[in-house]
Amino acid sequence: MSSMILVVDDSATIRHQVRACLQAAGHTVLEAENGAIGLQKAKDYPIDMAIVDVNMPVMNGLEMLANLRGVDGKKSLPVFVLTTESSKELVAQGKKHGATAWIVKPFKADVLAKGVAHVLARAA
Ligand SMILES: [Mg+2]
């Protein structure tokens, strides 16, 4: 099953890696380079899930996630946080805003692909 997935990261390298991983699984990928653009794309496109970095300019990933939960139809959108951050405080903040999973970089492509497949199967 093909899904539309939004990848939000300020690193073009990470976006490219995640895109390759998702496209190999047959998904359509949208990209955004910060949380503000990501939030707008999440509103504009019928995405099935989002994969979001934490540290980004303009709007960070946790702010984007918090804002997203206030958008009609996006309250339970699956969102993976993909970040170098692993502090308890930030993970707790992610949980509070309904992050589906917290994956610490560097990520393994097969682990990410499995997690995405699992979440999309559950959401279908
Ligand atoms: Mg970053």
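In the block above lies the structure referred to throughout.
Residues numbered from 1 in each chain as written. Predicted model: local features only at pLDDT ≥ 70, side-chain atom pairs only at ≥ 80, totals over all residues.

1. What about the sheet that holds strand S3 (residues 49–52)?
Reading across from one edge, S2-S1-S3-S4-S5 is the order of the 5 strands in this open sheet, with parallel pairing throughout. Only two strands of the sheet have a single partner each, and these edge strands are strand S2 (28–32) and strand S5 (101–104). Strand after strand, the sheet turns through a mean of 20° between neighbouring axes, direction not considered. By the bridge criterion, 3 bridges tie S3 to strand S4 (residues 79–83) in an arrangement that is parallel. Each bridged residue has a counterpart across the sheet, and for Val52 the counterpart in S4 is Val81. Across the sheet, helix H2 (residues 35–44) is in contact with strand S1 (4–8), S2 and S3; its angle to S1 comes to roughly 165°. (Pairing = 2+ DSSP bridges. Helix = DSSP H or I, 4+ residues; strand = E, 2+ residues; numbered from the N terminus. Axes fitted to C-alpha atoms, helices over the stretch in contact; angles between N-to-C directions. Contact = placed C-beta atoms within 7 Å.)

2. Describing the environment of Gly38
Relative to the helices and strands, Gly38 resides in helix H2. Under the C-beta neighbour-count criterion, Gly38 is labelled buried, with 30 such atoms within 10 Å. (Buried ≥ 20, exposed ≤ 12 C-beta atoms within 10 Å, placed from the backbone.)

3. A word on unusual backbone geometry
Cis geometry is found at the peptide bond from Lys105 to Pro106, where omega equals 0°. Within the secondary structure layout, Pro106 lies in the loop between S5 and helix H5 (109–123). Positive phi outside glycine occurs at Val58, with the angle close to 70°. Structurally, Val58 is set in the loop between S3 and helix H3 (61–68).

4. Observations regarding the pairing of S4
Burial of S4 is extensive: 5 of the 5 residues sit out of reach of the surface. In S4, alternate side chains face the same way, and those of Val79, Val81 and Thr83 on one face and Phe80 and Leu82 on the other are all buried. Following the backbone out of S3, through H3 and into the adjacent parallel S4, one traces a crossover that is right-handed. In this sheet, S5 lies alongside S4 in parallel orientation, the contact comprising 4 bridges. (Right-handed = clockwise from strand over helix to strand, strands pointing away.)

5. Section: the environment of Asp53
Positionally, Asp53 belongs in the loop between S3 and H3. Among the residues examined, Asp53 registers 27 C-beta atoms within 10 Å and is labelled buried. If near-sequence neighbours (up to four positions away) are discounted, Asp53 is found in contact with Val8, Asp9, Asp10, Ile14, Gly61, Leu82 and Thr83.

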